[in-house]
Each structure stands twice: as structure tokens, then as C-alpha cells.
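Summary of the model geometry
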Amino acid sequence: MDWKIGLNFYATKAILFTPNDLDNEELKKEIENDKYHIYLICKRKKIFFETSYIDGDYTKTILYWLDDKHNKQYFPYISPSVFKINSFNDGIYNIDNNVSKNALIRDYDLINLFTFLDKDFFGTSIGEPLPSDLEVMYIGQAFGRTETKKIDYRLENHDKIQKIAIDILNKGSNEEVLVIGIKIEVKDLATSFVTINSNTKAPTVEDLLELQKKATMRIPEAQEITVFEASLIRYFQPKLNTEYKKSFPSPHISYEEIFNTEFDYSAMEINTRPVLARIFSEFRPERKYHHTQHYPLKTKSDKETLFEFLIEISDDGDTSKNKVSE
């Protein structure tokens, strides 16, 4: 039995905001205290509010966006009559619902709430675009306690945001820039590779202790963040990123220590259900809440999945004779 161990990088929290929201000190403190070190700069069509009125037992809310020819494309939303939009001012809706009166909610959060697929974990039950879908344009990180490494400084001075904004203005389109902040955690995984016709023996206590010893090896937090960032960039291939698109997961000076451990692969998982919006990119057009990928660390080939990697290192490479178990 050939044990393979890997590091699993996954998002434990996500937060959605606009670059202008960073003027809010409470938001900046939340980002720093909760360690949202990864950020995804995204864009989508801006949704405009037209009217909201009660019709019998229901409330009809009419929203719209502008297509490339600046024609209105309507997005009607029907809800129980307990919900009503009272007013809209400076990006904030004043609403009544079954919980409270005159509640305040950001415009982008309300759109996400309207279109959230609450019973669909992956977000694939609807293939066509939703108004809340976000296209990933750039992925970066902000790690460190110095002023220039904090996420608010990085974003307030980010040339990538400026490029996106200029592109939006040049095209004359009505789009908005939103940022998803991600907090990550790292755990180890163990996977066994078994050849069916081999004389496979059950693992001994010594085998398990050796596996545990290997799994205790860790890389610095800064490199964990960089590996997760690089994994996301390799996966989404955002337009404005240049580094890591093709180089990850080959050895790289910014995350070289992971190749000195005993881990055979790394796994990336991101879930944007907490912000109620699916994400995609031009390279990854499928719009989903949940994206995941495995990357081998012990091979020089350009395989993209763990299973291809395991097949490659088998005795004869014949997939008809092999079985993968976890």
C-alpha cells in the first residue's frame, strides 16, 4: 500500500465588499482581525432598482441592468408581500421584511440574496448566468502587519482595480467592481493507492506512526497563503494575473518550503456560498459556489488532478488494474 499525503487549503470564511467600503474603519478592522489574507477582485453588471409594489399577497420588485447596447434588461423578483423596498440611496436599500422594518442592506448583498440557490451546494442547478455571478479578474494576497501589506492598503493602491475601472469606463458599460476576501485554513489529507492484484497488506502501527510524523511537517503561514493564492490563480487563470498561471505547482522561491516536506500533493477548495454569489472566470466559465482542484507536488509532469498523478506513479500505469481509495 502506497500512502500519499497532502495539504488541503480551504476557505473558512468569505466577505464581500467594494473597494470604496474600505473607508469604513469597522470593515477594515474585521478584515484584519479575521485574517482575510486572500482577495479576489471581481466584476459584474450593475443592477439598478426601478420600482417595488405590493400586488395582492406578493411584492413585485423590478430591477434591471444595461446590456452592451445600453438597453434595459429587466430582472423581476416576486416575493411574499411582507417584503418591500422602501427607498434606495447611495448604494443602500431600505427594506421591510418579516423580521424588521426599515432594515438597511447593501445593493450588491440584496441582489445576491434574490438569486441565491439556497438548496444547491455547488450552484450548478442553473447553468445560465445569474445577475449575482462574479467574474474573477485578479487574485492577490495581503499578509503581514506592516501598513503596506494590509489588505486595505493593497486594494486602495491597487493598479489592477484601476485597470478594471478604466476598462469599464472605456467600454461605457455599467459594471461594478466587488472584492471577495477569503480566510484560509490548512489541514493534512491521507490517500492510499492500491493495486488490486498485488499482495496488499494492512498498514501496521509503525506505518501509521510514520505517516503521522510526515503529516506534522508544516510550512510557514506566509507560504501557506502563497500556495493557496497560487492554486487559485492556476485554477481560474484570471486575466490580470501574470505569476503562477503556468508555473504552479513547480518549485518556486515564494513557496519553495512545501517541496522540502513529505507532502505529495496539495488540494485547493474555495466556497463562496457565504457571500451568496457564484464565481467564474473566462478560463473557468462554469459558474459555481464551490470550486476545488488537486495539484501534485512530487512529479515534474503537468498533470492537473490527484487521480492522474496517482495513475502515473502506479507500477504499470494501467488504469483497468488500479483502484483509488481514500
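Residues numbered from 1 in each chain as written. Predicted model: local features only at pLDDT ≥ 70, side-chain atom pairs only at ≥ 80, totals over all residues. Heavy atoms only, no water.

1. Overview of the pattern of salt bridges
Note the threshold: Salt bridges are identified by distance alone: a Lys or Arg side-chain nitrogen within 4 Å of an Asp or Glu carboxyl oxygen. A run of H or I in DSSP counts as a helix once it spans at least four residues, and a run of E counts as a strand once it spans at least two, with each numbered from the N terminus. Between buried and exposed lies partly exposed: a residue is buried under 20% and exposed over 50% of the maximum accessible area for its type, with that area taken using a 1.4 Å probe on protein chains only.
Under the counting rule described, the total for this entry stands at 11 salt bridges. Taking the shortest distance from any N to any O, the salt bridge between Glu282 and Lys239 comes out at 3.5 Å. Within this pair, whereas Glu282 is found in the loop between strand S12 (279–280) and strand S13 (290–296), its partner Lys239 is found in the loop between helix H6 (221–236) and strand S11 (265–271), the two being separated by 43 residues in sequence. A residue is classified by how much of its surface remains accessible, and Glu282, at 58% relative accessible area, is exposed. On the basis of relative accessibility, which here comes to 43%, the residue Lys239 falls in the partly exposed class. Through salt bridges with shared partners, one network takes in Arg44, Lys46, Asp107 and Glu176.

2. Points about H6
Selection rule: Given a helix with a known number of residues, its expected span is that number minus one, times 1.5 Å.
For H6, built from 16 residues, the straight-helix expectation of 22 Å at 1.5 Å per residue is met to within 8% by its first-to-last C-alpha distance of 23 Å. With respect to burial, H6 is a largely interior element, 14 of its 16 residues being buried. One or two positions beyond H6, positive phi appears at Gln237, with a value near 50 degrees.

3. Structural notes on the sheet that holds strand S5 (residues 72–80)
What counts is decided by this rule: Strands pair, by our definition, only if DSSP identifies at least two bridges between them. Angles run from 0 to 180 degrees between N-to-C directions of axes, and those axes are lines fitted to C-alpha atoms, restricted for helices to the stretch in contact.
A sheet is described by the order of its strands in space; here three strands give the open sequence S3-S4-S5, paired in antiparallel fashion. The sheet is open, and its two borders are formed by strand S3 (48–55) and S5, each paired with just one other strand. Along the sheet, successive strands turn relative to each other by an average axial angle of 20 degrees, direction set aside. Sheet topology note: the S3/strand S4 (residues 58–66) ladder contains seven bridges and is antiparallel. Bridged to Asp55 within S4 is Tyr58.

4. Topic: the nonpolar core
Rules: In this description, a nonpolar core means a group of buried Ala, Val, Leu, Ile, Met, Phe, Trp, Tyr and Cys residues linked to one another through side-chain atoms lying within 4.5 Å. In this description, contact between two residues means that some pair of their heavy atoms is separated by no more than 4.5 Å.
Membership of the largest hydrophobic core comes to 46 residues, with the highest contact counts inside it found for Ile38, Leu40, Ile180, Ile182, Leu232 and Ile270. For this core, the elements supplying multiple residues, two or more each, are strand S1 (2–17), helix H1 (25–33), strand S2 (38–45), strand S9 (134–141), strand S10 (175–195), H6 and S11. With near-sequence residues (within four places) excluded, Leu40 lies in contact with Val136, Tyr138, Ile139, Leu178, Val179, Ile180, Ile182, Leu232, Ile270 and Ile279. In this structure, Ile47, Ala103, Leu110 and Phe114 belong to the second largest nonpolar core, which totals 12 residues.

5. Looking at the confidence of the model for the chain
Stated precisely, the cut-off is as follows: The pLDDT value expresses, per residue, how confident the predictor is, ranging between 0 and 100.
Within the chain, residue pLDDT values average 76, and 65% of them lie at 70 or more. Considering each helix and strand of the chain separately, the mean pLDDT is smallest for strand S14 (residues 322–325), with a value of 34, and largest for S12, with 98. Contacts for the low-pLDDT stretch residues 188–197, under 50 throughout, to residues beyond four places or in other chains number 47 contacts. Counted against residues more than four places away or in other chains, residues 299–326, with its pLDDT under 50, gives 48 contacts.

6. Observations regarding H1
What counts is decided by this rule: Directions pointing from the helix axis toward each C-beta atom define the arc. Whenever two N or O atoms come within 3.5 Å, that pair is a polar contact, provided that in protein one can donate a hydrogen and the other can accept it, and provided that, for residues adjacent in sequence, both atoms are side-chain atoms.
Listing the buried residues of H1 in full gives Leu27, Lys28 and Ile31. Relative to the axis of H1, the buried residues are bounded by an arc of 100 degrees and lie together on one face. Those residues of H1 that are exposed and aimed more than 90 degrees away from the buried face are Glu26, Lys29 and Asn33. The N-capping residue of H1, defined by a side-chain oxygen 2.8 Å from the backbone nitrogen of Glu26, is Asn24. Looking one or two residues beyond H1, the residue adopting positive phi is Lys35, at roughly 60 degrees.

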